[in-house]
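Fold and geometry: a report
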Amino acid sequence: MADNGTKAHYRLMIADSTTSSNDWTAGDGALNVRQAYVEFSNLASFTGIFEDASIWAGKRFDRDLDFDIHWLDSDIVFLGGTGAGIYDVAFSESVTSNFSLYGRSFLDFPSDPNPTDGTSDTDNLILTANNYFGNVQWLINGMSAADNDERIVGGVMEAADSGVQTMLAYHGDSFFGLSDGSFKVAVLHGQGLGAEVKNIGADGNLHEEAASTRIAAYGTTRLGDSWRIAPAIMAETSKDRYVEGDDYQWLTFSTRLANELGANFEMQYEASWQVMDLQTEGYEGRGDVDGDYARFTIAPTFKPQVGGFWNRPEIRVFASYSTWDDELNRYDGGDALGQEDFGGSQWTFGTQMEVWF
């Protein structure tokens, strides 16, 4: 902190991915810097609506758009990249806004049906305004990727070079008004490059006419002194996503139960079901499929203190049973799930450690 009260915050986040169980994985790991940024807050020279604002620059996850259903291990919406912005511009006690400009780079792509001069690339610039009106959140993103319409998708040059994405959400302080707890609901819609409504600005293959809508809702409450429950629902529909005429639809239900058996131990149970109707129009050689997937998990869990779904750190031992329609294996033959001999049901066993900072 400076003598005038201004605070500086620096963050570096490193992630590593490996399939090895060894203690030394430098030869086969995938080390990556996910965040590296600086943020200034309590700036002595900021007054008026900017008095409590903070500014940042670098590579980061957006502070308020890492919005997920944790027990599904799936984001409702996520925004990250390299850029700069300002948080907590306060127009009144209950109305605040964040404004940022992010850049994301698309992978190289062929810019001619019969390319002779290599590939092209482009960056997707995302201008975001994230607004709060009490418990209501309204997010809007506009994006532009120069020359991305030269990308060959499905054998034709119809990729989007611009788009818009928006989300309207409500953050409740009860369990849907029925009991103590919390809940969140969100509706998202995007077009063009904004049709990837979950990972904003990350997909350069989207069709210029692509349109997607997603809904999500989840909550947490107690069923008694020692039982907690957290149900969730998420669904999405996309049309003309990658090629004209395609249609992707899916719906997921999930519920996690926790039975607190001591100050440091609880049993967790989870059941999930998803139904999918994916009409691909042959994009990337994928097949049309219509089927469902289900999973059940039981997990003895240790914590420093039980009492909530967000309490961390925790250590879990788990056993999961998954089953799905064999037809789903036809979706992508290049994926492990697409192999004919993969089977239609599997057991998975393991341990997990989770800690949040």
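Keep in mind it's a predicted model, so treat the numbers as computed, not measured.

**What to know about the overall build of the protein chain**
Within the protein chain one finds 0 helices and 16 strands. Each of the three principal axes of the protein chain carries a C-alpha extent, and together these read 60 × 55 × 50 Å. Buried residues in the protein chain amount to 40% of all 357 residues. Carbon and sulfur atoms make up 54% of the accessible area of the protein chain, which totals about 18600 Å².

**A word on the environment of S212**
Tracing the backbone through its elements, the reader meets S212 in strand β10 (residues 211-222). On the accessibility criterion, S212 (1% relative accessible area) is buried. Setting aside chain neighbours within four positions, we find S212 in contact with L188, H189, G190, A195, V197, E236, T237, S238 and R241. A distance of 2.9 Å separates a polar side-chain atom of S212 from the backbone oxygen of A195. There is a polar contact of 3.2 Å between the side chain of S212 and the side chain of R241.

**Section: the pairing of strand β5 (residues 95-105)**
Where strand β4 (residues 74-90) meets β5, 7 bridges bridge the pair, whose relative direction is antiparallel. Residue pairing for β5: A84 is matched across the bridge by L101. Remark: 4 residues form the turn of the hairpin made by β4 and β5, two consecutive strands paired antiparallel.

**A look at the side chain of T128**
Relative to the elements of secondary structure, T128 occurs in strand β6 (residues 123-133). Apart from residues lying up to four places away in sequence, T128 is in contact with L65, L79, N98, F99, S100, Y102, L139, I140 and N141.

**Observations regarding the confidence of the model for the protein chain**
Looking at the protein chain as a whole, the pLDDT averages 91, with 92% of positions reaching at least 70. Strand β16 (residues 345-354) is the least confidently modelled element of the protein chain, averaging 91 in pLDDT, while strand β7 (residues 136-144) averages 98, the highest of any element.

**Some remarks on the layout of surface pockets**
What the second largest pocket holds in volume is close to 160 Å³. What lines the second largest pocket is simply N32, R34, K59, R60, F61, F78, G80, G81, T82, R104 and N199. Among the secondary structure elements, those contributing two or more residues to the lining of the second largest pocket are β2 (30-41), β3 (54-69) and β4. In terms of residues, the lining of the second largest pocket owes the most to one element, β4, which gives 4 residues. In terms of residue class, the lining of the second largest pocket is made up of 2 nonpolar, 5 polar and 4 charged.

**Quick notes on the pattern of salt bridges**
For the structure shown, the criterion picks out 18 salt bridges. Here R330 makes a salt bridge to E327, at a shortest N to O gap of 3.2 Å. Relative accessible area serves as the criterion here: at 46%, R330 is assigned to the partly exposed category. The network of salt bridges with shared partners includes R222, R228, E260, E266, K303, R312, E314, R316 and E354.

**Side note on unusual backbone geometry**
Going from R312 to P313, the amide bond is cis rather than trans, its omega being 5°. Despite not being glycine, N42 shows a phi value in the positive range, around 55°. Relative to the helices and strands, N42 is located in the loop between β2 and β3. Phi at D88 is positive, roughly 65°, even though this residue is not glycine. Looking at the secondary structure, you find D88 in strand β4.

**Things to note about the environment of M276**
By the element assignment, M276 lies in strand β13 (residues 265-279). Measuring from C-alpha to C-alpha, the distance between M276 and Y293 comes to 8.3 Å, with 17 residues separating the pair along the chain. With residues near it in sequence (within four places) discarded, M276 still touches Q249, W250, V289, D290, G291, Y293 and L328.

**Overview of the nonpolar core**
Buried together is how nonpolar side chains tend to be arranged in soluble globular proteins. By size, the foremost hydrophobic cluster in this structure holds 44 residues, and its most contacted members are F67, I69, I76, V77 and M167. Discounting chain neighbours no more than four positions away, the residues touching I76 are F67, D68, I69, A186, L188, V197, K198, R214, A216, Y218 and M234.

**Observations regarding a nonpolar patch on the surface**
On the surface, a cluster of nonpolar side chains totalling about 430 Å² of accessible area is made up of F133, W138, I140, V164 and L168. Following the sequence through the fold, W138 ends up in strand β7. We classify W138 as partly exposed; its relative accessible area is 37%.

**Let's talk about the packing of aromatic side chains**
Taken as a whole and judged by the stated rule, the model has 18 aromatic pairs. Residues W56 and Y102 carry aromatic rings whose centres are separated by 5.3 Å and whose planes lie at 40° to one another, so their mutual orientation is tilted. With W56 in strand β3 and Y102 in strand β5, this pair connects stretches of sequence that are 46 residues apart. For the pair shown, W56 and Y102 are each scored as buried. Put simply, the rings of W71, Y218, F309 and W310 pair up and form one aromatic cluster. When the ring centre of Y37 is taken as origin, the NZ or CZ atom of R60, which lies over that ring, is 4.0 Å away.

Quick notes on the rules
Residues numbered from 1 in each chain as written. Predicted model: local features only at pLDDT ≥ 70, side-chain atom pairs only at ≥ 80, totals over all residues. Heavy atoms only, no water. Helix = DSSP H or I, 4+ residues; strand = E, 2+ residues; numbered from the N terminus. Buried < 20%, exposed > 50% of the residue type's maximum accessible area, 1.4 Å probe, protein only. Areas by Shrake-Rupley, 256 points an atom, 1.4 Å probe, with all protein chains shown as cover. Contact = heavy atoms within 4.5 Å. Polar contact = N/O pair within 3.5 Å; in protein donor to acceptor, adjacent residues only side chain to side chain. Pairing = 2+ DSSP bridges. pLDDT = per-residue confidence, 0-100. 1 Å grid on protein atoms, 1.4 Å probe; cavity = no way out; pocket = protein on both sides within 12 Å on 5 of 7 lines; lining within 4 Å. Points joined across faces, edges and corners; volume = space filled by probe spheres on them. Nonpolar A, V, L, I, M, F, W, Y, C, P; charged D, E, K, R; others polar. Salt bridge = Lys/Arg side-chain N within 4 Å of Asp/Glu carboxyl O. Core = buried A, V, L, I, M, F, W, Y, C linked by side-chain atoms within 4.5 Å. Patch = residues over 30% accessible without salt bridge, like charges linked within 9 Å, V, L, I, M, F, W, Y side chains within 5 Å. Phe/Tyr/Trp six-rings, centres within 6.5 Å; stacked < 30°, edge-to-face > 60°. Lys NZ or Arg CZ within 6 Å of the ring centre and 35° of its normal.

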